[in-house]
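# Structure at a glance
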Amino acid sequence: MKDNETLIQTGRHVTQFPADVSLCAGCSSCEIVCSLLHDGVVGPSYNRIFVERGTISMIHRIYACQHCVDHPCYHACARKDQAMCLDENGIVYINEEYCIGCKRCIKACVFDPPRINYVKSSDKSKRKAKKCDLCRTRPEGPACVEFCQVRCLGISDLPDERR
């Protein structure tokens, strides 16, 4: 965490089971299915969930939006309620049609690394923020959890104490 080690009130979010029992193989299936489902393409710029590969320790960490209860990314958005929106279940999501790519949401994220991705493009109209929305319109829930080949991902309401 950026400022201190206090626990941040988190909402329902994707979590990796503790590293000492996690079987994450670093296969990237969570990243791939996420970008395919949301954007129809695969690439690091399109991820909403991130795998940090421990090349020496072989312990891989998964980072995804923790859906903070106080929603600092939502409040920082220059186009709040158009680009950064909050649904009735407390899920903050990005309506990319209205995102101007100002990165205020990324700077407001209290986690390190920030859990919001940014599409870099020479075309300014394509520069957009992307963050986990828990696949909120998908009846089956988050695709990353469903398609994790080693079942190391789940959904939690508890603060992630690993970080």
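Scroll up a little and you will see the structure.
Please read these numbers as outputs of a predicted model, since none were measured by experiment. (Residues numbered from 1 in each chain as written. Predicted model: local features only at pLDDT ≥ 70, side-chain atom pairs only at ≥ 80, totals over all residues. Heavy atoms only, no water.)

### Things to note about the overall build of the chain
Inclusion rule: Strands are runs of DSSP state E lasting at least two residues, helices are runs of H or I lasting at least four, and both sets are numbered from the N terminus onward. Throughout, radius of gyration means the C-alpha value; the globule benchmark is 2.2 Å times the number of residues raised to the power 0.38. Accessibility here uses a 1.4 Å probe with only protein chains present; expressed as a share of the type maximum, an area under 20% marks a residue as buried, one over 50% as exposed, and anything in between as partly exposed. Contacts: residue pairs with any heavy atoms within 4.5 Å of one another.
A tally of regular secondary structure across the chain gives four helices and eight strands. From first element to last, N terminus to C terminus, the chain shows the α and β order β-α-β-β-α-β-β-α-β-β-α-β. Taken over C-alpha atoms, the radius of gyration comes to 15 Å for the chain, in line with the 15 Å a tight globule of 163 residues would show. Across its three principal directions, the C-alpha atoms of the chain cover 40 × 35 × 35 Å. The buried share of the chain, taken over its 163 residues, is 48%. For the chain, restricting intrachain contacts to residue pairs at least 6 apart in sequence, the fraction spanning at least 24 positions comes to 62%.

### A short note on the pattern of salt bridges
Put simply, the rule is: One side-chain nitrogen of Lys or Arg within 4 Å of one carboxyl oxygen of Asp or Glu is enough to make a salt bridge.
Per the stated rule, a full pass over the model turns up nine salt bridges. Of the charged contacts in the structure, one is a salt bridge between Asp-39 and Lys-130, with a shortest N-O distance of 3.0 Å. You can see Asp-39 sitting in helix H1 (residues 29-39) and its partner Lys-130 sitting in strand S7 (residues 129-131), a full 91 residues away along the chain. What makes Lys-130 buried here is its relative accessible area of 2%. For Glu-146, the salt bridge is made with Arg-138, and the minimal N-O distance between the two is 2.7 Å. The exposure class of Glu-146 is partly exposed, given its relative accessible area of 35%. Salt bridges sharing common partners tie together Asp-39, Arg-48, Glu-96 and Lys-130.

### Some points on the nonpolar core
Spelled out, the test is: Among buried residues, those of type Ala, Val, Leu, Ile, Met, Phe, Trp, Tyr and Cys that are joined through side-chain atoms within 4.5 Å constitute a nonpolar core.
Ranked by size, the top nonpolar core spans 16 residues in total, and within it Val-14, Cys-30, Ile-49, Ile-62, Cys-144 and Leu-153 carry the most contacts. Those elements giving two or more residues to this core turn out to be H1, strand S2 (49-52) and strand S3 (61-64). Ranked by size, the runner-up nonpolar core spans 13 residues in total, among them Tyr-74, Cys-77, Cys-99 and Cys-105.

### Description of H1
Along H1, the residues that are buried comprise Ser-29, Cys-30, Glu-31, Val-33, Cys-34 and Ser-35. Positive backbone phi, at 75°, marks Gly-40, one or two positions downstream of H1.

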